[in-house]
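Observations on the model geometry
Take a look at the letters that make up each chain.
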Number of protein chains: 2
Amino acid sequence: MLKPSWIASANDPQCPFPLNNLPFGVFSNGGAPRCATAIGDKVLDLAALEAANLLPACGFDEPALNGFMAKGPEAWQAVRDGLTRLLADDAANQDSRAMVTAALHDAAEVQLHLPFQVSEYTDFYAGKQHATNVGTMFRGPENALPPNWLHIPIGYNGRASTVVVSGTDIRRPLGQTKAPDAALPSFGPCQRLDIELEMGAVVGLPSPMGQPVSVDEADAMIFGYVLLNDWSARDIQAWEYQPLGPFQAKAFATTISPWVVTKAALEPFRCATPEREKPLLPHLQDTSPMLYDIELGVSMTAKGGAPSVICQTNYRHMYYSAAQQLAHHSSSGCAMRTGDLLGSGTISGPEKHQFGSLLELTWGGKEPLTLDDGQTRRFIEDGDTLALHGHAQGEGYRVGFGSCKGSILPALEVEA
Amino acid sequence: MLKPSWIASANDPQCPFPLNNLPFGVFSNGGAPRCATAIGDKVLDLAALEAANLLPACGFDEPALNGFMAKGPEAWQAVRDGLTRLLADDAANQDSRAMVTAALHDAAEVQLHLPFQVSEYTDFYAGKQHATNVGTMFRGPENALPPNWLHIPIGYNGRASTVVVSGTDIRRPLGQTKAPDAALPSFGPCQRLDIELEMGAVVGLPSPMGQPVSVDEADAMIFGYVLLNDWSARDIQAWEYQPLGPFQAKAFATTISPWVVTKAALEPFRCATPEREKPLLPHLQDTSPMLYDIELGVSMTAKGGAPSVICQTNYRHMYYSAAQQLAHHSSSGCAMRTGDLLGSGTISGPEKHQFGSLLELTWGGKEPLTLDDGQTRRFIEDGDTLALHGHAQGEGYRVGFGSCKGSILPALEVEA
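Residues numbered from 1 in each chain as written. Chains lettered and ligands numbered in written order. Predicted model: local features only at pLDDT ≥ 70, side-chain atom pairs only at ≥ 80, totals over all residues. Heavy atoms only, no water.

What to know about the interface of chain A and chain B
If you look at the interface, chain A gives 62 residues, while chain B gives 62 residues. Taking both sides of the interface into account, the surface hidden between chain A and chain B amounts to around 5500 Å²; carbon and sulfur atoms contribute 62%. Among the residues of chain A in contact with chain B, A:R159, A:L244 and A:F247 are the three that bury the most area, contributing 15% of the side total. Across the pair A:R159 and B:D340 runs a salt bridge whose closest N-O atoms are separated by 2.5 Å. Linking chain A with chain B are 25 residue pairs in polar contact (both at pLDDT 80 or more). Here the element with the most residues in the side of chain A that touches chain B is strand β7 (residues 155-157) of chain A; it accounts for three residues. Residues of the side of chain A that touches chain B, tallied by class, amount to 32 nonpolar, 23 polar and seven charged. (Contact = heavy atoms within 4.5 Å. Buried area = accessible area lost by both parts, 1.4 Å probe. Salt bridge = Lys/Arg side-chain N within 4 Å of Asp/Glu carboxyl O. Polar contact = N/O pair within 3.5 Å; in protein donor to acceptor, adjacent residues only side chain to side chain. Helix = DSSP H or I, 4+ residues; strand = E, 2+ residues; numbered from the N terminus. Nonpolar A, V, L, I, M, F, W, Y, C, P; charged D, E, K, R; others polar.)

And the structure:
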């Protein structure tokens, strides 16, 4: 049920930021970036509330959520409770409303920044439909899923230095590629630029080196979730990824939503992972629902055109939850840190319109998409804009993440 | 030629830390960790020299070299010049010797820490003998080198959170493995624990997102080099690494030497990469010698035994230099940051005693090593100690890195 707020715009059933949500991010409006929440069509300055002693001291004047996240679940809940008291449509908060109002900014007027300093970024491959699609294209339907796929959430370490916030333009990458019929590789702009629709789990609490964590412990360590676009250069990937995995094909950019939606806000939308096709070993078994029912989509705007929705899917299609991924990530004793970001892997549903990458939607470029404005696309062209969107649908309210979008700039020229 | 110092122990031709070296690290002696150099059998507190205005202000009171490294090549050279003036066997520095002496500590009395905060860790696979050995074992001699190997320095992103300084005990990792004849995988302690003898290049100057750097620019960005042991769990690796590369098999620990030896100290030892078997594309071609002649070795001490040298090799055997690796790393537009660590890949020479991992030295465990004390080893057992050592040999002096060692603790017990 919607929790009503005295900020009227938050009570619109279509608003992604009702009082039920209270996501965390970082904003600025001319001055230094600082922490914020979103409520209705406003951004609320948490540093101002902290300075006015309306919230517990959590380092909200920092330009990143890391300090707050490191404080752990009790602090997270105390701040959520405090904000709920301050913003509820409730006579008890009449006295503080003037101070809260002074800390509100029109969302349209502020700049949103990367919400946290990404310690390390790991990307998984935990959607069965995606792995099956890609495996079928590359290895044929009989060998689509690798032998380990049903036993561990396969992942690889990505690059944290190029995780950017929604709205950041993305430069088309250069790279080495080799056409199947070419004798030698060549170096130049990526010709098969793609997206991957993912969710990102944000680690709040660290775990020490040498200490695996259980799936339950992992779930407790997660602060919240973002939308995540794992931009991918398919032609660079094809040439480089054997034997040690994706490297430059994924290193040039990863875009996340500006708002981290907390586990508390997503609690009503928990759901179980799909039935196991093979039993998991004990260290990866979950004991309660740890996936979420989150409706996800992608819209593509070809240069000069209008947006078309090219994918509609749901986070619940994943085979492994973020908690299972985090448990696997720590299983060797790998230390996890506040600010670690875990990409879910591409979230493709069983139907074609539910596929979360152009590679799958156009089946390797063989079946071009026709957009609503009549333009066609196999992969992304310069000037195109791709946007992920997502929300959990409650009764009379929704919990959203904000946009996760980027536009493609032409590649730099290669020196002859 | 040896540069004589008034600190007599630095003038011993076997000493790894003559005035020619001046490596950088972080030490403590009861108080807060701060930056230091090594000279003879002493550690010199750079924070004290900075406070006494004997060195330019470079943030040496920080517990990591990152601030100093970010200042760039002019600051690096100014500090090196300043230290050389202060420590040379030269009457001109008589007046400052008392203050310098007050900042000296016996190396045996202090604790050495991780010398810099590792931003991200990338590991390459750039030794041709190693790639050929491993490829032969896994895929047969005809397919030993992947098709891309002679065209790009293959690398994968590793885990920065578990890079530790020499002397840190390493907990044997747990993980999922599957024996070739088993129907299902199982979870338990690694049975094939290994080392990889590598050099690590430390990035001093950053490069922006979207901007590839040339090999020359990459060489200029590198602050210095460390010894690096890329501990590896071969059985976990075999089960997990297809299709996205090593993950938990390498995530539990990477050990580096406490001292970062600067490019300036290694300048006399520059050498060319081996002749190209296939021409490199222009973006990866080097214009001058960017590899180094550094003698490297590994000693193994089986539990309760005496050390045996099990490998002697040289960094010059690498096919790609760190500058070429860094140029490749940025080729897609991947931003590089101060504190990024690039592992060279295992440095194996052409002869068997030059192989830089137990996997190669025992040929997959089939040919156990007999140590000097009569013990035999296929892989590392609990209580064993592995130490890398390395130095560049000049005329009458050597430039060393300090030790890079770790002992193995038994795995944690797995809950039934």
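Structural notes on the domain arrangement of chain A
Residues and elements named next belong to chain A. Each assigned domain of chain A is listed with its residue range as follows: domain 1 (8-113) and domain 2 (121-409). Each of domain 1 and domain 2 was reduced to a C-alpha centroid, and the two centroids are 29 Å apart. Listed per partner, the contact involves 28 residues of domain 1 and 26 residues of domain 2. Note on domain 1 versus domain 2: buried area summed over both sides is about 2000 Å², and carbon and sulfur give 70% of it. Linking domain 1 to domain 2 there are zero salt bridges. (Domains from an automatic or database assignment.)

Concerning the relation of the copies chain A and chain B
Superposition record for chain A on chain B: RMSD 0.0 Å, screw rotation 180 degrees, translation along axis 0.0 Å. Taken together, these values place the two copies in the relation of a two-fold axis. Judged by C-alpha distance, A:G245 is the residue of chain A that lies nearest the rotation axis, at 2.2 Å. (Least-squares fit on C-alpha atoms with pLDDT ≥ 70 in both.)

Comments concerning helix α5 (residues 128-139) of chain A
Three- or four-residue spacings in an α-helix give side chains the same orientation, since the helix completes a turn every 3.6 residues. Residues and elements named next belong to chain A. An ideal rise of 1.5 Å per residue puts 16 Å on 12 residues; α5 measures up with 15 Å between its terminal C-alpha atoms. The complete set of buried residues in α5 reads H130, A131, N133, V134 and G135. Each element contacted by the buried residues of α5 is listed here: α11 (358-361). (Expected span 1.5 Å × (residues − 1). Buried < 20%, exposed > 50% of the residue type's maximum accessible area, 1.4 Å probe, protein only.)

Brief notes about the pairing of strand β21 (residues 308-314) of chain A
All names here are of chain A. Within β21, five of the seven residues are buried, which leaves the element mostly enclosed by the surrounding structure. Of the pairings in the sheet, the one linking strand β20 (residues 295-301) to β21 comprises six bridges and is antiparallel in character. What sits directly across from S299, in β21, is V309. (Pairing = 2+ DSSP bridges.)

Observations regarding the packing of aromatic side chains
Using the criterion set out here, one finds 26 aromatic pairs over all chains in the structure. Ring geometry for A:W149 versus A:Y319: centroids 5.3 Å apart, planes at 50 degrees, classification tilted. Here A:Y319 lies in the loop between β21 and α10 (322-329) and A:W149 lies in the loop between α5 and β7, a separation of 170 residues in the sequence. Residue classification places A:W149 among the buried residues on the basis of a relative accessible area of 0%. Here a set of aromatic residues connected by ring pairs shows up, and it is made of A:F24, A:F60, A:F68, A:W76 and A:F223. Between the NZ or CZ atom of A:R276 and the centre of the ring of A:Y319, over which it lies, the distance is 3.8 Å. Above the face of the B:Y320 ring, B:R276 is positioned so that its terminal group lies 5.7 Å from the ring centre. (Phe/Tyr/Trp six-rings, centres within 6.5 Å; stacked < 30°, edge-to-face > 60°. Lys NZ or Arg CZ within 6 Å of the ring centre and 35° of its normal.)

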